[in-house]
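Understanding the architecture of this molecule
Each chain is listed here by its residues.
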Amino acid sequence: SSQMSAPNTLVDKLVVITGCDGVEGLGPFIARATVKRGFRLLATCFSAEGRDNFLESVPDGSNSRVSAFVGDLTLPEVVDKLVGEVKSIVNDRKCTLHALVNNAGVGPLGYTMWMPPKVYETTMAINFLAPVRLTYALLPMLRCDQGRIINITSVAGLCANFGMGPYSASKFALEAYSDVLRRELMQWGVRVSVVEPYFTATPLLKKAEASFFEEMNRAQGERTDDYGKKWAEEKMKRELQMIEATAGKPAGVVASVIDALISKFPQERYWPDSITKLIVFPLMYLPVRLADRLLLEVELSKATPAFFKGHNSQKKIRSALPTLFRTELHDVLVFICAIHFVLGQTVFQPTSTSILAVLAQCLLVLNALSGLAHNRIGRAASGSFLSLGLLVLWSLQCMDGVGLAISVGIGITSAIEWKRREEVEIR
């Protein structure tokens, strides 16, 4: 990353960071690192107590460059007041608005069965609408100063998982908003970056645990009886153990934000945690049903809901896995087959231009694309006698043992899939 010309020029650049209450949260960590780099800071806090705790944690000697604002940013009048504060600092200190870091957020945890719409409304108001409202208000200044917008989203905004309905919905929305911002503002020289951390070891995790039991106890009755209190306690215990074992440190997120602030060419997306690259990113590109079943298996491994104990529902779910594997294996084989034969035509046997080869190649490419898009027509077509016949004949013609083996695999998985569908239709 290319840094600005000199550290002492950063004092003329104002950075606004939301969600800076306390000492141990992600916001305070980012804010203190920003001050250490030499920027002028306006930190927003939800409560006066949170503001006081944050200001006490600011490094000595930098207090003159730090201002704090208290208010609920979900309220339009508070946002207007904050914008007035920003303009006042810019005018009084003769500085520019360098960046807005939308960090403030909440992370309620709980199943959709007992999470009422009110929780979704509150979460969207804080995690999505507040950043939209503040960004909109500051856009004229950011455009004029060619500033930067850094939105702290989450991998939950890329891959939604159990118990994270409201949180994932708000982060997906912020991801989409960030994409639109980046594309629309690039012509004005405004840089937009998103930081997508995994679980981070901050007090937000404890708040998420509390919200899980709070919402479950509030719902009760038919919405929670099938789960059971014992299940909830066991699940959250294992959930927190898993999160604590894999949660990233705030330092990774802080480093990403600082790079987005000072780099001449900041990244559009920052993944501060290695687990995102190793697990979450591949999971996003698995066939949908396979990803669903894998996540369900992980969820059931934490604890078994009361409803499942002594009931055949769990057996039905687990018995569906082999069928699922056969179906998805079929799609994978079609895709591999397409790549194999296309490479055979274009790289290994570029002179082979028979009608048989062209027809087989076209069918394979179409079936592979439709299979990846989870289109049932694609799977039915790839299982047709015409498609399989062409594949086998072409493999024999080219003396291609690998192609023949893949074709036979497609034929077997196709037959199993057709048989399964007939059984379902009969039922």
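Not measured: the values here are computed from a predicted model.

What follows is about the overall build of the protein chain. On a plain count of helices and strands, the protein chain comes out with 15 helices and seven strands. Classification of the 427 residues of the protein chain by burial places 46% in the buried group. Considering only intrachain contacts with a sequence separation of at least 6, the fraction spanning at least 24 residues in the protein chain is 75%.

For the structure shown, the criterion picks out eleven aromatic pairs. Look at Tyr111 and Trp231: their rings are 5.4 Å apart centre to centre, the planes differ by 70°, and that puts the pair in the edge-to-face class. One end of the pair, Tyr111, is in the loop between strand E4 (96-102) and helix H4 (117-144); the other, Trp231, is in helix H7 (residues 229-246), with 120 residues separating them in the sequence. The same class applies to Tyr111 as to Trp231, namely buried. Pairing Trp114 with Tyr227 gives two aromatic rings, centres 5.2 Å apart and planes at 90°, and the pair type is edge-to-face.

What follows concerns helix H1 (residues 26-36). Of all eleven residues making up H1, nine are buried, and the element is well covered by its neighbours. Leu26, Gly27, Pro28, Ile30, Ala31, Arg32, Ala33, Thr34 and Val35 are the residues of H1 that are buried. Where H1 terminates, the next one or two residues include Gly38, which has phi positive at roughly 110°.

Let us now look at helix H8 (residues 250-262). Helix length check: H8, at 13 residues, gives a terminal C-alpha distance of 18 Å against a target of 18 Å (1.5 Å per residue), a fit within 8%. For H8, a buried count of ten out of 13 residues is recorded, marking the element as mostly surrounded by other parts of the structure. The set of residues buried in H8 consists of Pro250, Val253, Val254, Ser256, Val257, Ile258, Asp259, Ala260, Leu261 and Ile262. Here the buried face of H8 lies against strand E1 (13-17), H1, E4, strand E5 (148-152), strand E6 (191-195) and strand E7 (269-270).

In this section: the sheet that holds E7. One open sheet holds the seven strands; their spatial order is E3-E2-E1-E4-E5-E6-E7, and the pairing between them is parallel. In this open sheet, the two strands that pair with only one neighbour each are strand E3 (66-70) and E7. Here four bridges tie E4 to E5, and the two strands are oriented parallel to one another. Bridging across to E5, Val101 finds its partner in Ile150. The strands touched by H4 are E4 and E5; relative to E4, the strand with the most contacts, the crossing angle is about 165°.

Turning next to the packing of H1 against H8. Across the interface, H1 lies against H8 with an axial gap of 9 Å and an inter-helix angle of 45°. Taken together, the axes of H1 and H8 lie oblique to each other. In this structure, H1 meets H8 at a crossing whose hand is right-handed. Between H1 and H8, the residues in contact are Leu26, Phe29, Ile30, Ala33 and Thr34 and Pro250, Val253, Val254, Val257, Ile258 and Leu261, respectively. A class-by-class count of the residues in the contact of H1 with H8 yields ten nonpolar, one polar and no charged.

For a regular strand, side chains alternate in direction, first toward one face of the sheet and then toward the other. In this sheet, E3 lies alongside strand E2 (residues 40-45) in parallel orientation, the contact comprising five bridges. Paired with Thr44 across the two strands is Phe69, which belongs to E3. For the handedness criterion, the β-α-β arrangement of E2, helix H2 (residues 48-57) and E3 is classed as right-handed.

What follows concerns the nonpolar core. Counting residues in each nonpolar core, the largest one holds 30 residues, and the members touching the most others are Leu14, Leu42, Leu73, Val86, Leu97, Leu138 and Ile149. Broken down by secondary-structure element, the contributors of at least two residues to this core are E1, helix H3 (76-93), E4, H4 and helix H5 (165-185). Non-local contacts of Leu97, meaning those with residues more than four positions away in its chain, are made with Leu14, Val16, Val86, Val90, Leu138, Met141, Leu142, Asp145 and Gly147. Counting 29 residues, the second-largest nonpolar core is a separate cluster that includes Ile17, Phe39, Phe54 and Val66.

The next thing to look at is unusual backbone geometry. Among all residues save glycine, negative phi is the norm, and among peptide bonds the norm is trans. Its identity as a non-glycine residue notwithstanding, Lys94 has a phi of 55°, on the positive side. Considering the arrangement of structural elements, one finds Lys94 in the loop between H3 and E4. According to the relative accessible area criterion, Lys94 is exposed, its value standing at 69%. Positive phi outside glycine occurs at Gln146, with the angle close to 50°. Along the chain, Gln146 falls in the loop between H4 and E5.

Viewed as axis vectors pointing N to C, H4 and H5 meet at an angle of 20°, and their least axial separation amounts to 7 Å. Considering the angle they form, H4 stands roughly parallel to H5. Note that H4 runs across H5; the crossing there is right-handed. From H4, Val119, Tyr120, Thr123, Met124, Asn127, Phe128, Pro131, Val132, Thr135, Tyr136 and Leu139 reach across to H5, where they touch Gly165, Pro166, Tyr167, Ala169, Ser170, Lys171, Ala173, Leu174, Tyr177, Leu181 and Leu185.

Tallied over the full model, the rule gives eight salt bridges. A salt bridge links Arg51 to Asp52; the shortest N-O distance between them is 3.2 Å. Residue class for Arg51 comes out partly exposed when judged on its relative accessible area of 27%. Classification of Asp52 by relative accessible area gives partly exposed; the value is 36%. Between Glu175 and Arg269 there is a salt bridge, with the nearest N and O atoms lying 3.1 Å from each other. Placement of Glu175 in helix H5 and of Arg269 in strand E7 is noted, with a sequence separation of 94 residues between them. The buried category is assigned to Glu175, whose relative accessible area is 4%. What emerges from the salt-bridge pattern is a single network uniting Glu175, Asp179, Arg182, Glu196 and Arg269.

What counts, and at which threshold
- Residues numbered from 1 in each chain as written.
- Predicted model: local features only at pLDDT ≥ 70, side-chain atom pairs only at ≥ 80, totals over all residues.
- Heavy atoms only, no water.
- Helix = DSSP H or I, 4+ residues; strand = E, 2+ residues; numbered from the N terminus.
- Buried < 20%, exposed > 50% of the residue type's maximum accessible area, 1.4 Å probe, protein only.
- Contact = heavy atoms within 4.5 Å.
- Phe/Tyr/Trp six-rings, centres within 6.5 Å; stacked < 30°, edge-to-face > 60°.
- Expected span 1.5 Å × (residues − 1).
- Pairing = 2+ DSSP bridges.
- Axes fitted to C-alpha atoms, helices over the stretch in contact; angles between N-to-C directions.
- Parallel < 35°, antiparallel > 145°, perpendicular 65-115°, else oblique.
- Left-handed = near helix turned anticlockwise from the far one by under 90°.
- Nonpolar A, V, L, I, M, F, W, Y, C, P; charged D, E, K, R; others polar.
- Right-handed = clockwise from strand over helix to strand, strands pointing away.
- Core = buried A, V, L, I, M, F, W, Y, C linked by side-chain atoms within 4.5 Å.
- Salt bridge = Lys/Arg side-chain N within 4 Å of Asp/Glu carboxyl O.

The values are spatial; any link to function lies outside them.
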